[in-house]
Amino acid sequence: MSTVITRKLSGEELFRNIISHCKEYGFIFQSSEIYDGLSAVYDYGQMGAELKKNLRDYWWKAMVQLNENIVGIDAAIFMHPTTWKASGHVDAFNDPLIDNKDSKKRYRADVLIEEHVAKIEAKINKEVEKAAARFENFDEAMFRATNARVLENQKKIDEINIRFKNALEANDLAEVKQIILDLEITCAVSGTRNWTDVRQFNLMFSTQLGSLSEESSTIYLRPETAQGIFVNFLNVQKTGRMKIPFGIAQTGKAFRNEIVARQFIFRMREFEQMEMQFFVKPGTELEWYEKWKTTRIAWHHSLGFPQSKYRFHDHIKLAHYANAACDIEFEFPFGFKELEGIHSRTDFDLRNHEHYSGKKQQYFDPEENANYIPYVVETSIGLDRLFLATLSQAYTEEQLEDGSTRVVLRIPPFLAPYKVAVLPLVKKDGLPEKAREIMDRLKLDHLCLYEEKDSIGKRYRRMDAIGTPICLTIDHQTLEDHMVTLRDRDSMQQERVAIDRLADLVHARVSLQRQLLQLI
Ligand code: ATP
């Protein structure tokens, strides 16, 4: 086997290269690009739509197909406006904003402070490194001086953090502004400290329902899919004869008017969530919360990426509706960030819907012979973030033994957009016809790509770049011995295999059964 060297890329380089690769190979385009795009909105191209669908399917199969007590629904994006009053989104789904009067640029006040503090911390860390070097060089006086400065700065930062946390908790926007002034934070565009007051800004998009403006009422584009599940809780429970504990799963679009929208598809204004609300008997919710933490991390690990890329982040400050919450964080090229949230939401949502609708949201428990509002444990993952996590892990640049390079997407085969590429060596002598015959057999089960343009080497590279796990090459010998060359994307190994065995071989390599089996 030939030696392959994987290029080590910095996080920044990796992220930049992934973004341009996504565009070049039809994974992701900027929305309305011909009009210079729409900020933080993206379109999935022909490759991206397939990968996204496969990720969504894998989640759905693991949640709904493998669990007899979980069913799936597809609720509308528009919901009765009172829904968002009951859920707390009308009153409390806010970001604190501040504008610079000179540049007119708008910032999230909390992000301005956090980023400023992070910069100071980075400076301190550098000082600490320097101090360590001085210590090694026995320059004790310098070491002590640096150490004292570091400790003093660290104390200042701790004080700011406490002040900032208290201000946010007390919703004291004047104090948030004062912290920005005290820290002497300047606008990155104008360079001035000419700030407006801090205001709360609701993240929900609103629109009008109805054709005549006098008759219309304001409705919202849902900021999360969960409420569509809550308002259908009794419909599903009754028609599906569901017994507690049971879950309702849903995938779909959500919309948030994010102010600091950046990092490509990590933070978008229109994105897709995959959520599951699990309804349990009150008092058992923390047990189920732990169980869902274990189940969901096992699902992430089943994708086959290194386990060191994931970690839990337990929430210390809980949202008003939760009695336990954590994030599953993934190490993106820009660091560990939230990929999925797991929340024990108590009976907050159902109780509020009962209150606002005047309709009982209770379950009759035949074993207890009692009615109660169930408690809920939620798992909520962003499909776009999962997509980005997959690409961050799969994108690899390699230097081959002959000096050439290749970019390969090592996407787990069961998730790859195309599973098989069918490649006649030349465009004549009956090879295309034979290739089509093979393609026609395989395409009943798998998404296959037929390609006859360019040299075979170039075609292999293209298939590597879109992550196709198997290439089948049909050559003149195929017509005599009914065998093709099967090339493996990751190892680049080639073997001759009989056409009759292809269906089984392909199935064994790309089927998701092996992954699902790990979850049972
Ligand atoms: P963050 O703290 O990053 O803003 P969040 O805590 O507000 O996220 P949740 O409300 O818990 O997120 O939503 C559940 C999941 O939906 C998140 O774990 C994330 O994967 C995804 N998600 C949330 N906001 C966005 C967004 N603007 N763009 C893409 N995905 C998102």
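Because the structure is predicted, anything quoted here is derived from the model rather than measured.

In the vicinity of the ligand there are 15 residues, among which Glu258, Arg267, Met268, Glu338 and Leu339 approach most closely. Between the ligand and Leu339, the relevant distance is 2.9 Å, taken from an oxygen atom to a main-chain nitrogen or oxygen of the residue. The contact in question runs from an oxygen atom of the ligand to an N or O atom on the backbone of Gly382, over 2.9 Å. Here the ligand has 590 Å² of accessible area as a free molecule, and 82% of this is covered by the chains. Of all the elements in the fold, those that place two or more residues in the shell around the ligand are β11 (270-280), β14 (335-346) and β17 (375-382). With five residues, β14 is the largest single contributor of residues to the shell around the ligand. Here the residues of the shell around the ligand are counted per class, giving four nonpolar, five polar and six charged.

We now examine the nonpolar core. The biggest cluster of nonpolar side chains holds 70 residues, and the ones touching the most others in it are Phe27, Ile28, Ile265, Leu303, Leu386 and Phe387. Residue contributions to this core peak at eight residues, all from helix α2 (residues 46-65). Each of domain 1 (13-79 + 222-393) and domain 3 (412-519) gives at least three residues to this core. Apart from the residues lying within four places of it in its own chain, the contact partners of Leu303 are Tyr58, Tyr310, Leu386, Pro412, Phe414 and Leu415. Counting residues in hydrophobic clusters, the runner-up holds 21 residues, among them Ala109, Ile124, Leu173 and Val198.

Our focus in this paragraph is the pattern of salt bridges. Evaluation of the coordinates by the stated rule reveals 38 salt bridges. Residue Asp99 is joined to Arg199 by a salt bridge in which the shortest nitrogen-to-oxygen separation is 3.5 Å. Of the two residues, Asp99 sits in strand β5 (residues 94-99) while Arg199 sits in strand β7 (residues 199-202), which places them 100 residues apart along the sequence. The partly exposed category is assigned to Arg199, whose relative accessible area is 38%. For Asp349, the salt bridge identified is with Arg345, shortest N-O distance 3.0 Å. The exposure class assigned to Asp349 is buried, which follows from its relative accessible area of 2%. What makes Arg345 buried here is its relative accessible area of 2%.

Another aspect to go through is the sheet that holds strand β18 (residues 395-399). Two modes of strand pairing occur in sheets, parallel and antiparallel, and in both the strands are linked by backbone hydrogen bonds. Strand order in this open sheet of three strands is β1-β18-β19, and the pairing throughout is antiparallel. Each edge of the sheet is formed by a strand with only one pairing partner; in this case those strands are β1 (5-6) and β19 (405-409). Here β18 pairs with β19 via five bridges, running antiparallel. Among the inter-strand pairings, Glu398 is bridged to a residue of β19, identified as Arg406. Contacting β18 and β19, helix α1 (residues 11-24) crosses the sheet at an angle of about 100° to β18.

Calculation criteria
Residues numbered from 1 in each chain as written. Predicted model: local features only at pLDDT ≥ 70, side-chain atom pairs only at ≥ 80, totals over all residues. Heavy atoms only, no water. Near = heavy atom within 4 Å. Polar contact = N/O pair within 3.5 Å; in protein donor to acceptor, adjacent residues only side chain to side chain. Areas by Shrake-Rupley, 256 points an atom, 1.4 Å probe, with all protein chains shown as cover. Helix = DSSP H or I, 4+ residues; strand = E, 2+ residues; numbered from the N terminus. Nonpolar A, V, L, I, M, F, W, Y, C, P; charged D, E, K, R; others polar. Core = buried A, V, L, I, M, F, W, Y, C linked by side-chain atoms within 4.5 Å. Buried < 20%, exposed > 50% of the residue type's maximum accessible area, 1.4 Å probe, protein only. Domains from an automatic or database assignment. Contact = heavy atoms within 4.5 Å. Salt bridge = Lys/Arg side-chain N within 4 Å of Asp/Glu carboxyl O. Pairing = 2+ DSSP bridges. Axes fitted to C-alpha atoms, helices over the stretch in contact; angles between N-to-C directions.

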